[in-house]
Each structure stands twice: as C-alpha cells, then as structure tokens.
Amino acid sequence: MIPLAEPCIGEQEIRNVNEALKSGWISSKGKFIADFEHQFAGYCGMKYGVATANGTVSLHLALVAMGIGPGHEVIVPSLTFVATANAVTYTGARVVFVDSRPDDWNLDPARIERLITPRTKAIVPVHLYGHPCDMDALIAIARKHGLLILEDAAQSHGGEHGGRKTGSFGDISSFSFYGNKTITTGEGGICLTNDEALYSRMRILRDHGADPRRRYWHDVIGYNYRMTNLQAAVGVAQIEKLDRFIAQKREIAEFYAREFQDLVDDGLMILHPSLPGARCTFWLYGILVLPRPGHPGRDDLIRGLTEREIDSRPFFHPIHTLPPYRGYAQEGDFPVANRLSTTGISLPSSLHLSEKQLGTVAGAVREILRTGK
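Here goes a summary of the coordinates provided.

Moving on: the pairing of strand 3 (residues 94-98). Burial of strand 3 is extensive: 4 of the 5 residues sit out of reach of the surface. One ladder, built from 5 bridges, connects strand 2 (residues 73-77) with strand 3; its direction is parallel. Opposite valine 76, over in strand 3, you have phenylalanine 97 as the bridge partner. Crossover handedness for the path strand 2 to helix 4 (residues 83-90) to strand 3: right-handed.

Shown next as structure tokens:
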C-alpha cells in the first residue's frame, strides 16, 4: 500500500530519546521540554511556548486560559477536524459554525460578522490542510468587535501569510504534533502566545493548577496536559528538519499539479489552492473531483485507488453534519463546506515516497477519472 502520510524519524531523534532515557527524566520534566518550547516558539516568531500532551488539549487549554466558558459563543469553521469544535464544547461555550471560502478552503471572513452576537468571545480560524487563512481580514474583524483569536495551526507548521508564520497571529495559537503531521512528537501539542499573563495562566492550568511558588498548593482546578520529555526529545530533532520537510511537501504538490493539468483543463478536477501572499505547506495534498455526467466521482476514485493499493482519504465531514452538532446550523447554510466535503480527496504525500511511487499515484488518478476503471 502506498501510504497517505508517514512520520520521518531519523538518527537524531533516536539519539535524543536515548539521552532522555539515560537521564531518567522520562515524564513531564527534563531539558528537552524547555528546549522544544523555546525553539518552536522562536521558529514561529513568538515569545512563549507551552508544550502539551496533544493538539486537542492545547486547544482546550488555550480556551480556558482566555476565559471562554458557559454563556459564550465561539466562531469555528464547519469544515475541519472535529477536535476544534470539541475543545470549545468542553468549556461549556457554544460553537457557532461558519462556511468555507471556495478559493482557499478556509473559513470565510465575509460570513463572520453576521454571526457575531453579544455572547461571541472568540474566533478559531483553522489553516486547513496547510493553507493559511486570510488572517488580515480576521484580525480586522476581531479588533472591530473586541474578540479574541485562537489560531488553530495544527495542520500548518511553517506556513506563512504575508511573510509571517502561521501561529504568530492569534492571541494564542495551537499546534498538533500527531504522527501524520509535517513534524511529529508521536502525540503532542503546543500553545504559543506573546502575552505573558496568558502564558503564565496556561502553565499553571497545564500542571494541575499548581502554584509554581508553593509545592502542592492549587489555587485553581487545572489539568494534567503535560508533554513528556521523551516526546519533546523527538520534537527538538524534528524542528531542525521542518523547513526541509516543507520544501519536500511543496515539491510533491508541484509534481501533482504538473501531472494533473490536463484533468484541470478538461474540467474534471480542481487542484489544492496556493494563493498569492500565502505559503501553503501542503500537509496533505488535496484535489476536488468535479461531478460530471458519465465520469467517476470522488468516492469512485477512492475505491479505485484502494483496489490499486494506494491509500487516500476523503475530506473531513462538515462538523455541523455530525450527530453531536446537528441542530447547530440550518440545512443549506454551508454550500461551500458541503461541496468541498463531498468532492475532496487527500492523496499520498508522505516524504518517503519516491518519484516512481508518486507517478504511480498520478497515473492511477488519471486512469480512473478518464476511464472509470
């Protein structure tokens, strides 16, 4: 099976983990944690980093630190992984979904202001599949209405908007380092901020609400959301490779774009976007299979690739269509998200793939869409 995505683990990661093991610091203390926080925050152009157990808890930690809770509303794109909405729901706040923009597949700033009420406290943009959101427009809306921004950058390590790294725009930003992300710690996440008060609050909440000046004293109810030194040891080595990994991802995207140009010209496909002023990292390379009478659809393509032992996956289901969130939106409110979800497919973009394997994928896609077989 040609895989969709794989972690790229090398000798430096192994050396770091061995060093952590030999030190005896294998849990939530040890030098690699502070190194990872400092280095990743610096890479993104931010002052402070708070490493966490995974990306979902980093979202929750950020929301709690920002004071989000019952009675509040938080605007979230419907087309993203469900963790974004779940983290809001954990706080007791209500998720308010917004439709996507057709040109970059991210939440549509033009649709946000009509959703803002006196209860709205924050916007959570997600840089879907590695393409940065229009952060200039979102920041302008947030400032106009006095809203906070929690930037969900789980899928866009190293992406850029207007020359600034994703993760550097929000009051807090959140990243995931799950095994299929561009860089990984196995599981793991991080919150970044330039606000010292938010940074201090997140550190306390992450560590059971413990007072850092008085052992075993807890002023607030906190969480055990800590990253281990073993995870951080892997992450420190991965940060050094991030720019190289992104360059390889972009080469894969360019290969697919060249190979599929004839399918685009014939109206069978739309390629993964990469807008001017944005540096898309192509975490997963996506295409839209356009419905045409007599031609295979997206699901036919997935089945055909599976038969050829090529992994792929459909785009996320819009969250408003999932059972826990039905009733949060009226039918027909999300034409773009619904269309992207039913036509989108992510193709193999593992950094281990050879040009021959990529050619096999491209050839299979072309054959299936041209012949239906």
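Having seen it, we continue.
Even without a glycine there, the phi angle at phenylalanine 282 is positive, about 50°. Along the chain, phenylalanine 282 turns up in the loop between strand 11 (278-279) and strand 12 (285-289). Although it is not a glycine, glutamate 309 adopts a positive phi angle of roughly 60°.

Attention now moves to the layout of surface pockets. Here the largest pocket is characterised by a volume of approximately 710 Å³. Taken together, 23 residues form the lining of the largest pocket, with Lys29, Asp207, Ala210, Pro212 and Arg226 sitting closest to its centre. Broken down by secondary-structure element, the contributors of at least two residues to the lining of the largest pocket are helix 2 (31-44) and helix 6 (196-206). It is helix 6 that provides the largest number of residues to the lining of the largest pocket, a total of 4 residues. Class assignment for the residues of the lining of the largest pocket results in 8 nonpolar, 5 polar and 10 charged. The calculated volume of the second largest pocket comes to roughly 330 Å³. Of all the elements in the fold, those that place two or more residues in the lining of the second largest pocket are helix 3 (55-65) and helix 4. It is helix 3 that provides the largest number of residues to the lining of the second largest pocket, a total of 3 residues. Split into classes, the residues belonging to the lining of the second largest pocket amount to 8 nonpolar, 8 polar and 4 charged.

Let us look at the nonpolar core. Ranked by size, the top nonpolar core spans 55 residues in total, and within it Phe40, Phe260, Ile287 and Val365 carry the most contacts. Excluding anything up to four places from it in sequence, isoleucine 287 contacts Trp105, Phe260, Met269, Ile270, Leu271, Leu301, Phe315, Thr343, Gly344, Ile345, Leu347 and Val365.

Structurally, aspartate 211 is set in the loop between helix 6 and helix 7 (229-239). Beyond its immediate stretch of four places on either side in the chain, aspartate 211 contacts Trp217 and Asp219.

Throughout the structure, instances matching the rule amount to 1 cavity of 30 Å³ or more. Of the volumes computed, that of the largest cavity is approximately 80 Å³. Residue lining of the largest cavity: Ala5, Glu6, Cys8, Asn180, Lys181, Thr182, Ile183, Thr184, Gln238, Phe245, Lys249 and Leu351, and that is the complete set. For the lining of the largest cavity, a count of residues per class yields 5 nonpolar, 4 polar and 3 charged.

Glancing now at the packing of helix 10 (residues 298-307) against helix 12 (residues 355-371). Relative placement of two packed helices is described by the angle separating their axes and the distance separating the axes. Viewed as axis vectors pointing N to C, helix 10 and helix 12 meet at an angle of 130°, and their least axial separation amounts to 10 Å. Looking at the two axes, helix 10 sits oblique to helix 12. Here helix 10 runs over helix 12; the crossing is right-handed. Contact residues: helix 10 offers Asp300, Leu301, Gly304 and Leu305, while helix 12 offers Ala364, Val365, Ile368 and Leu369. Class assignment of the residues belonging to the contact of helix 10 with helix 12 gives a composition of 6 nonpolar, 1 polar and 1 charged.

All right, on to the sheet that holds strand 6 (residues 160-161) then. Taken in spatial order, the 3 strands of this open sheet run 7-6-11, and their pairing is antiparallel. The strands lining the two open edges of the sheet, one partner per strand, are strand 7 (164-165) and strand 11. Across 2 bridges, strand 6 lies against strand 11 in antiparallel orientation. Opposite glutamate 160, over in strand 11, you have arginine 279 as the bridge partner.

Under the criterion given, the structure shown has 17 aromatic pairs. Plain terms: the ring middles of tyrosine 256 and phenylalanine 260 are 5.6 Å apart, the flat faces sit at 5° to each other, and that makes the pair stacked. Assigned by exposure class, tyrosine 256 and phenylalanine 260 land together as buried. Through a chain of ring-to-ring contacts, three or more aromatic side chains come together here, namely Phe81, Trp105, Tyr129, Trp283, Phe315 and Phe316. One cation-aromatic arrangement involves lysine 31 over phenylalanine 32; the distance from NZ or CZ to the ring centre is 4.2 Å.

Below, the discussion takes up the sheet that holds strand 4 (residues 120-123). Taken in spatial order, the 7 strands of this open sheet run 1-9-8-5-4-2-3, and their pairing is mixed. Here the strands that pair on one side only, and so sit at the sheet edges, are strand 1 (48-52) and strand 3. Sheet twist, expressed as the average angle between the axes of neighbouring strands with direction ignored, equals 25°. Most of the contacts of helix 4 go to strand 3, to which it runs at about 150°, and overall it touches strand 2, strand 3 and strand 5 (148-152).

Our focus in this paragraph is helix 1 (residues 11-23). Residues spaced three or four apart along an α-helix face the same direction, because each turn holds 3.6 residues. Helix length check: helix 1, at 13 residues, gives a terminal C-alpha distance of 18 Å against a target of 18 Å (1.5 Å per residue), a fit within 8%. Along helix 1, the residues classified as buried are Glu13, Asn16 and Ala20. Each buried residue of helix 1 lies within a common arc of 65° when the element is viewed along its axis, so the set occupies one face. Exposed and facing more than 90 degrees away from the buried side of helix 1 are Glu11 and Lys22. Structurally, helix 1 contributes buried residues whose contacts are with helix 2 and helix 7.

Here is what the cut-offs are and how they apply
For every chain, the first residue of its written sequence is number 1, and the numbers climb from 1 along that sequence. Where local features are concerned, this predicted model is filtered to residues with pLDDT of at least 70; where side-chain atom pairs are given and counted, the filter is 80 or more; whole-chain, interface and lining totals use all residues. Excluded from the side-chain calculation are hydrogens and water; included are all heavy atoms of the structure. Partly exposed residues are those whose accessible area sits between 20% and 50% of the maximum for their type, while under 20% is buried and over 50% is exposed, using a 1.4 Å probe and protein chains only. Helix numbers and strand numbers start at the N terminus; a helix is a DSSP run of H or I with at least 4 residues, a strand a run of E with at least 2. If DSSP finds at least two bridges between two strands, the strands pair. By convention, a crossover is right-handed whenever its connection, traced from the first strand over the helix to the second and viewed with the strands pointing away, goes clockwise. Within this scheme a cavity is a closed region of a 1 Å grid, computed over the protein atoms alone, that accommodates a 1.4 Å probe without allowing it to escape, whereas a pocket is open but has protein on both sides within 12 Å along at least five of seven lines; lining residues each have an atom within 4 Å of a point. Grid points are joined across faces, edges and corners, and a volume is the space filled by probe spheres set on the points. Three categories are distinguished: nonpolar for Ala, Val, Leu, Ile, Met, Phe, Trp, Tyr, Cys and Pro, charged for Asp, Glu, Lys and Arg, and polar for the others, with Gly belonging to the last. Residues grouped as a nonpolar core are buried Ala, Val, Leu, Ile, Met, Phe, Trp, Tyr and Cys residues, joined through side-chain atoms within 4.5 Å. By definition in these notes, contact holds between two residues if any of their heavy atoms fall within 4.5 Å. Axis definition: a line fitted to C-alpha atoms, over the contacting stretch in the case of helices. Angles run 0 to 180 degrees between N-to-C directions. Angle categories: roughly parallel below 35 degrees, roughly antiparallel above 145, roughly perpendicular from 65 to 115, and oblique for all the rest. By convention, the crossing between two helices is left-handed when the near helix turns anticlockwise from the far helix through less than a right angle, and right-handed when the turn is clockwise. To pair, rings of Phe, Tyr and Trp, with the six-membered ring standing in for Trp, must have centres within 6.5 Å; the planes then decide the type, stacked if under 30 degrees apart, edge-to-face if over 60, and tilted in the middle. Lysine NZ or arginine CZ positioned within 6 Å of the ring centre and within 35 degrees of the ring normal marks a charge as sitting over the ring. For a helix, the expected span equals 1.5 Å multiplied by the number of residues minus one. Think of it as the arc spanned by the lines of direction from the helix axis to the C-beta atoms.

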